[in-house]
Amino acid sequence: NAYKFKLGKVLFQSLDERDVESNLFEIVNLKTSAEECPEADRSTLLNLCLRAAKKATEYACFDSCVSYAEKGISLLPPDKWSHEREVSLELFSLIVEAYFSI
């Protein structure tokens, strides 16, 4: 699993923004396959999970949206409502919207 995380990290770092967007689900799936996310990568992965959840919603893939949003929520710090308020609100809102759409 650490290998998959590293592969996802290299893939993310080597692609331009357009290619990251077209491979977003693969990158997030690889990077979230590890048991734990290194602290240095947490913020990047959190934002990638948020982007993947939004993209899944756009494609009406609500089960995937829930999965990506839950992964993102698991990366939030314990004091998420103080330090990551906007991201927390977006992730929880996406989950609620997805559950109502399933």
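Remember, it's a predicted structure, so these values are computed and weren't measured experimentally.

With reference to specific residues and values, describe helix α7 (residues 85-101).
Helix length check: α7 (17 residues) gives 24 Å between terminal C-alpha atoms against 24 Å at 1.5 Å per residue, within 8%. Taken together, the buried positions of α7 are Val87, Ser88, Leu91, Leu94, Ile95 and Ala98. What you see down the axis of α7 is that its buried residues fit within an arc of 135°, all on one side. Of the exposed residues in α7, those oriented more than 90 degrees away from the buried face are Arg85, Glu86 and Phe100. In this fold, the buried residues of α7 make contact with α4 (39-58), α5 (62-75) and α6 (80-83).

Could you give an account of the environment of Phe12, naming the residues involved and the relevant values?
Relative to the helices and strands, Phe12 is located in helix α1 (residues 2-14). Separated by 15 residues in sequence, Phe12 and Ile27 place their C-alpha atoms 6.5 Å apart. Setting aside anything within four residues of it in sequence, one finds Phe12 in contact with Val20, Ile27, Thr44 and Leu48.

Each value, and the rule that gives it
Residues numbered from 1 in each chain as written. Predicted model: local features only at pLDDT ≥ 70, side-chain atom pairs only at ≥ 80, totals over all residues. Heavy atoms only, no water. Helix = DSSP H or I, 4+ residues; strand = E, 2+ residues; numbered from the N terminus. Expected span 1.5 Å × (residues − 1). Buried < 20%, exposed > 50% of the residue type's maximum accessible area, 1.4 Å probe, protein only. Arc of directions from axis to C-beta. Contact = heavy atoms within 4.5 Å.

That's the geometry; what it means functionally is another story.
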